[in-house]
Amino acid sequence: MTPETPMAVNLDALRSAADAACRLMKVLSNPDRLLLLCRLADGEKRVGELEALASIAQPTLSQQLGVLREEGLVTTRREGKCIYYQIASPEGLALMDTLFEQFCPTKEPPQC
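Residues numbered from 1 in each chain as written. Predicted model: local features only at pLDDT ≥ 70, side-chain atom pairs only at ≥ 80, totals over all residues. Heavy atoms only, no water.

Here's the deal with the layout of surface pockets
Right, on to step 1. Counted as a void, the largest pocket has a volume near 320 Å³.
Right, on to step 2. For the largest pocket, the lining is made up of 15 residues, of which Leu34, Cys38, Met96, Leu99 and Phe100 are closest to its centre.
Right, on to step 3. Mapped onto the lining of the largest pocket, the elements with two or more residues apiece are helix 1 (11-28), helix 2 (31-40) and helix 5 (90-103).
Right, on to step 4. With six residues, helix 5 is the single largest residue contributor to the lining of the largest pocket.
Right, on to step 5. Of the residues that constitute the lining of the largest pocket, the class distribution is twelve nonpolar, no polar and three charged. (1 Å grid on protein atoms, 1.4 Å probe; cavity = no way out; pocket = protein on both sides within 12 Å on 5 of 7 lines; lining within 4 Å. Points joined across faces, edges and corners; volume = space filled by probe spheres on them. Helix = DSSP H or I, 4+ residues; strand = E, 2+ residues; numbered from the N terminus. Nonpolar A, V, L, I, M, F, W, Y, C, P; charged D, E, K, R; others polar.)

Concerning the side chain of Ser89
Right, on to step 1. With respect to the element layout, Ser89 can be found in the loop between strand 3 (82-87) and helix 5.
Right, on to step 2. A polar contact is formed between the side chain of Ser89 and the backbone nitrogen of Gly92, at a distance of 2.8 Å.
Right, on to step 3. When near neighbours in sequence (up to four residues on either side) are disregarded, Ser89 contacts Gly72 and Leu73. (Polar contact = N/O pair within 3.5 Å; in protein donor to acceptor, adjacent residues only side chain to side chain. Contact = heavy atoms within 4.5 Å.)

Focus on the sheet that holds strand 3
Right, on to step 1. Across the sheet, which stays open at both edges, the three strands sit in the order 1-3-2 with antiparallel pairing between neighbours. Every interior strand has two partners, whereas the edge strands, strand 1 (45-46) and strand 2 (74-79), have only one.
Right, on to step 2. The strands touched by helix 2 within the sheet are strand 1, strand 2 and strand 3, with strand 3 carrying the most contacts at an inclination of about 90°. (Pairing = 2+ DSSP bridges. Axes fitted to C-alpha atoms, helices over the stretch in contact; angles between N-to-C directions.)

Observations concerning the nonpolar core
Right, on to step 1. The biggest cluster of nonpolar side chains holds 18 residues, and the ones touching the most others in it are Leu36, Leu37, Leu50, Leu61, Leu65, Leu68 and Tyr85.
Right, on to step 2. Of all the secondary structure elements, the ones that give two or more residues to this core are helix 1, helix 2, helix 3 (47-54), helix 4 (58-70) and strand 3.
Right, on to step 3. With residues up to four places along the chain from it excluded, the contact list for Leu50 reads Leu36, Arg39, Leu40, Lys45, Ser55, Leu61, Leu65 and Tyr85. (Core = buried A, V, L, I, M, F, W, Y, C linked by side-chain atoms within 4.5 Å. Buried < 20%, exposed > 50% of the residue type's maximum accessible area, 1.4 Å probe, protein only.)

This is the structure:
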């Protein structure tokens, strides 16, 4: 956009989008929740798998998964006694992809 081009965005829509982005970033600002979403970005996981992969104690795990559910970032499905979690938010997944790209490089640093 150039300085001569008027902004064609509805201010109410922009404010609503900013509020939604702030809610999402607030949820991601907790290291345990961020780690859980990072693990779920690879695909659906059982609660026990998440506990082992994230090294989060069961009470904390349940609390943080509850927050992620309430915020609509994850959904669950039950299969027998197992509960599976998966990311439900396209925006959340896109943000996790960006965070992974920026903070979790897969290449080894050059050796000196």
